[in-house]
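Listed below, chain by chain, are the residues.
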Amino acid sequence: MTSNIILAASGLTKEFRGFVAVDGVDLMVRRGSIHALIGPNGAGKTTCFNLLTKFLTPTKGSILYNDEDITSLPPADIALKGLVRSFQISAVFPDLSVLENVRVALQRLRGSSFDFWRSETVLRAHDARALELVDAVGLSEFRHLYASELSYGRKRALEIATTLALEPEMLLLDEPMAGMASGDIERISNLIRQAARERTVLMVEHNLSVVSELCDAITVLAQGRILAEGDYATVSADPRVREAYMGTVHA
Ligand SMILES: Nc1ncnc2c1ncn2[C@@H]1O[C@H](COP(=O)(O)OP(=O)(O)OP(=O)(O)O)[C@@H](O)[C@H]1O
């Protein structure tokens, strides 16, 4: 795979009973970049993200990952190819410890079935790697706590560790900073930056100061279409982008 473009969507369109939420989006994500999808409320970011991660089927258009057409593949298949969407926070098992959560994720990478609670010996085999991942997201001292005992920000860090356990080549993050206090924002930003050293990251994010700090490519959506693209300085200076954001309330 030598192409500079890791993910390419063309003509991506999603209609919901006649309403066009995503309308002919051509998106190119450069290998090794941290790419953000931004836009005012209702712009179609989540729908676009769900199309790219295969949680929704496009009405029209195609998606190439590493030059391979993945338009009709299910999410589990593309995850095996290295395109991994971060788990939703609910997918962290609250009654398992931090370390056990990461071990379970490692187990999933091996394609083992869900009878993990019985195979303690097998899980132990993942210990070294699990400790490494827990350490990488700054949770070493909390490794024996139940996931339910973690603060919100640390739960998100655990979610990133369980996602990294799947060894993604490209990581898709859905609003990683949602609901975070400022200290947590900095911690998660650092984690994303660190994770992006070896992989590509595409994220939907509302927090524009995070986007300006972290992302080197930005696609602005409005009314289901691409309004502007470029680095933060370019898109934030674009009068069409300013206009699209005006009068919209943003978290
Ligand atoms: N399942 C659905 N059925 C009908 N309409 C939908 C559906 N999902 C999304 N839409 C509509 O598509 C448009 C785009 O929604 P989407 O959630 O993708 O926007 P967004 O940019 O993520 O917004 P926000 O910033 O508010 O999360 C909205 O008008 C929304 O009401």
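Everything numeric in this text was worked out from a predicted model, so none of it was measured.

Student: Help me understand the domain arrangement of the chain in this model?
Tutor: Reports often express the size of an interface as the amount of accessible area lost when the parts come together. Entries for the chain in the domain assignment read domain 1 (1-72 + 171-179 + 200-251) and domain 2 (83-167). Taken together, the eight residues of domain 1 in the interface contact seven residues of domain 2. Looking at the side of domain 1 that touches domain 2, its residues break down into five nonpolar, two polar and one charged.

Student: Would you explain the sheet that holds strand 7 (residues 170-174) in this entry?
Tutor: Where strands meet in a sheet, backbone hydrogen bonds hold them as pairs that are either parallel or antiparallel. Strand order in this open sheet of six strands is 6-7-8-3-9-10, and the pairing throughout is mixed. Taken across any chain shown, the strands that pair with only one partner, and hence form the sheet edges, are strand 6 (83-85) and strand 10 (225-230). Strand-to-strand twist of the sheet, defined as the mean angle between neighbouring strand axes without regard to direction, takes the value 20°. As paired strands, strand 3 (residues 34-38) and strand 8 (residues 200-204) are joined by four bridges and run parallel to one another. Across the sheet, Ala 36 pairs through a bridge with Met 203, a residue of strand 8.

Student: Explain the environment of Ala 79 to me, please; I cannot follow it from the model alone.
Tutor: Structurally, the position occupied by Ala 79 is in helix 2 (residues 75-80). Through-space distance from the C-alpha of Ala 79 to that of Gly 224 is 26 Å; in sequence the pair is 145 residues apart. Sequence-distant contacts of Ala 79, defined by excluding residues within four places in its chain, comprise Val 84 and Leu 166.

Student: Explain the site of the ligand to me, please; I cannot follow it from the model alone.
Tutor: For the ligand, the full set of nearby residues is Phe 16, Phe 19, Ala 21, Gly 39, Asn 41, Gly 42, Ala 43, Gly 44, Lys 45, Thr 46 and Thr 47. For the shell around the ligand, the elements supplying multiple residues, two or more each, are strand 2 (19-30) and helix 1 (45-52). Among the elements that make up the shell around the ligand, the one with the highest residue count is helix 1 (three residues). Of the residues assigned to the shell around the ligand, the class counts are four nonpolar, six polar and one charged.

Student: Is there a simple way to explain the packing of helix 6 (residues 152-164) against helix 7 (residues 182-195) in this structure?
Tutor: If you want to describe how two helices pack, look at the angle between their axes and the distance between the axes. Packing of helix 6 against helix 7 leaves a shortest axis separation of 9 Å and a crossing angle of 10°. In terms of axis orientation, helix 6 runs roughly parallel to helix 7. Within the contact between the two elements, helix 6 uses Tyr 152, Gly 153, Arg 156, Ala 157, Ile 160 and Leu 164 and helix 7 uses Asp 184, Arg 187, Ile 188, Leu 191 and Ala 195.

Student: Just to check I follow, could you spell out helix 7 for this structure?
Tutor: Along an α-helix, residues three or four positions apart point the same way, because every turn accommodates 3.6 residues. In a regular helix each residue adds 1.5 Å, so 14 residues correspond to 20 Å; helix 7 covers 20 Å between its end C-alpha atoms and thus fits that length. Residues of helix 7 that are buried: Ile 188, Ile 192 and Ala 195. Here the buried residues of helix 7 occupy an arc of 65° about the axis, which is enough to place them on one side. Exposed and facing more than 90 degrees away from the buried side of helix 7 are Ser 182 and Gly 183. The elements touched by buried residues of helix 7 are strand 3, helix 6, strand 7, strand 8 and helix 8 (208-214).

Student: Is there a simple way to think about the nonpolar core in this case?
Tutor: The tendency in soluble globular proteins is for nonpolar side chains to be buried side by side. If you look at the biggest cluster of nonpolar residues, it comprises 66 residues, and the most contacted ones within it are Cys 48, Val 102, Val 134 and Ala 161. For this core, the two domains that each supply at least three residues are domain 1 (1-72 + 171-179 + 200-251) and domain 2 (83-167). The contact partners of Val 102, leaving out residues within four places of it in the chain, are Ala 130, Leu 133, Val 134, Ala 161, Thr 162 and Ala 165.

Student: Can you help me understand the environment of Gly 24 in this one?
Tutor: Mapped onto the secondary structure, Gly 24 falls in strand 2. Note: C-alpha distance between Gly 24 and Leu 37 (13 residues apart in sequence) is 15 Å.

Student: Honestly, helix 5 (residues 127-136) in this entry has me stumped. Any pointers?
Tutor: What helix 5 keeps buried is the set Ala 130, Leu 133 and Val 134. The buried residues of helix 5 occupy one face: seen down the axis, they fall within an arc of 100°. Immediately beyond the C-terminal end of helix 5, within one or two residues, lies Gly 138, with a positive phi of roughly 75°.

Conventions and cut-offs
Residues numbered from 1 in each chain as written. Predicted model: local features only at pLDDT ≥ 70, side-chain atom pairs only at ≥ 80, totals over all residues. Domains from an automatic or database assignment. Contact = placed C-beta atoms within 7 Å. Nonpolar A, V, L, I, M, F, W, Y, C, P; charged D, E, K, R; others polar. Pairing = 2+ DSSP bridges. Helix = DSSP H or I, 4+ residues; strand = E, 2+ residues; numbered from the N terminus. Axes fitted to C-alpha atoms, helices over the stretch in contact; angles between N-to-C directions. Near = placed C-beta within 6 Å. Parallel < 35°, antiparallel > 145°, perpendicular 65-115°, else oblique. Expected span 1.5 Å × (residues − 1). Buried ≥ 20, exposed ≤ 12 C-beta atoms within 10 Å, placed from the backbone. Arc of directions from axis to C-beta. Core = buried A, V, L, I, M, F, W, Y, C linked by C-beta atoms within 7 Å.

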